[in-house]
Amino acid sequence: MSSPVFWSTPLKYCRWAARERPALFWSVIIGAAGPIAMPIVPPIRKYFGDVDPAPIPVTYPGMSCPMAAIARICDGGIRTKANLPHSVPTGPRKQLTGYDD
């Protein structure tokens, strides 16, 4: 039996591929579902009350950061001194003793 040609009979070809080459067929179906789901899934998540988690902190809450001006430009928003990003403090690290850490 010869395999059907996709462009002449797409449904017949899909039935044949699902039987004869299931790994290839389902890989294409699942791969095509990703881009299709991108505009559909976020509104559904929001409707059911799912929220995105808070972003993971990437700076240390200490001294003023020299990258604050760049961060302000990248965010596109105005920042106050209270919510500027901070960097790791300079100086020696406090040596812990016992089970403090």
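Residues numbered from 1 in each chain as written. Predicted model: local features only at pLDDT ≥ 70, side-chain atom pairs only at ≥ 80, totals over all residues. Heavy atoms only, no water.

(A) Highlighting the overall build of the protein. Secondary structure assignment for the protein yields four helices and two strands. Seen in sequence order, the protein has helices and strands lined up from the N terminus as α-α-α-β-α-β. By element, 67% of the accessible surface of the protein is carried by carbon and sulfur atoms, the whole surface being about 9,300 Å². (Helix = DSSP H or I, 4+ residues; strand = E, 2+ residues; numbered from the N terminus. Areas by Shrake-Rupley, 256 points an atom, 1.4 Å probe, with all protein chains shown as cover.)

(B) The pattern of salt bridges, seen in detail. Going through the model one piece at a time under the given rule, you end up with two salt bridges. One salt bridge connects D50 with R45, and the closest N-O pair in it is separated by 2.9 Å. Its salt-bridge partner being R45, residue D52 comes within 2.8 Å of it at the nearest N-O pair. Judged by relative accessible area, D52 falls into the exposed class, the value being 59%. Connected through salt bridges with shared partners, the residues R45, D50 and D52 form a single ionic network. (Salt bridge = Lys/Arg side-chain N within 4 Å of Asp/Glu carboxyl O. Buried < 20%, exposed > 50% of the residue type's maximum accessible area, 1.4 Å probe, protein only.)

(C) Spatial organisation of the confidence of the model for the protein. On average, residues of the protein score 77 in pLDDT, and 67% of them reach the 70 mark or higher. Model confidence for the protein, summarised as mean pLDDT per element, is weakest for strand β1 (residues 63-64) at 48 and strongest for helix α2 (residues 22-37) at 95. (pLDDT = per-residue confidence, 0-100.)

(D) Molecular detail of the packing of aromatic side chains. For the coordinates displayed, the defined rule picks out three aromatic pairs. Centre to centre, the rings of F25 and W26 are 4.9 Å apart; their planes meet at 80°, and the pair counts as edge-to-face. With a relative accessible area of 15%, F25 lands in the buried category. With relative accessibility at 47%, the residue W26 sits in the partly exposed group. (Phe/Tyr/Trp six-rings, centres within 6.5 Å; stacked < 30°, edge-to-face > 60°.)

(E) Geometry of the UniProt feature "transmembrane region" (unreviewed entry) in the protein. The sites that UniProt annotates as "transmembrane region" (unreviewed entry) are residues 23-41. Taken end to end, residues 23-41 has its terminal C-alpha atoms 25 Å apart, with 84% of it in helix and 0% in strand. (UniProt positions renumbered as here; feature names shortened; annotations may be inferred.)

(F) Region of the structure containing the environment of D50. Among the secondary structure elements, D50 is positioned in the loop between α3 (41-47) and β1. On the basis of relative accessible area, D50 is assigned to the partly exposed category, the value being 44%.

(G) Expanded view of a nonpolar patch on the surface. On the surface, I36, I40, V41, I44, Y47 and F48 cluster together into a nonpolar patch covering about 680 Å² of accessible area. Looking at which element gives the most residues to the nonpolar patch, the answer is α3, with three residues. As for its position among the elements, I44 is in helix α3. (Patch = residues over 30% accessible without salt bridge, like charges linked within 9 Å, V, L, I, M, F, W, Y side chains within 5 Å.)

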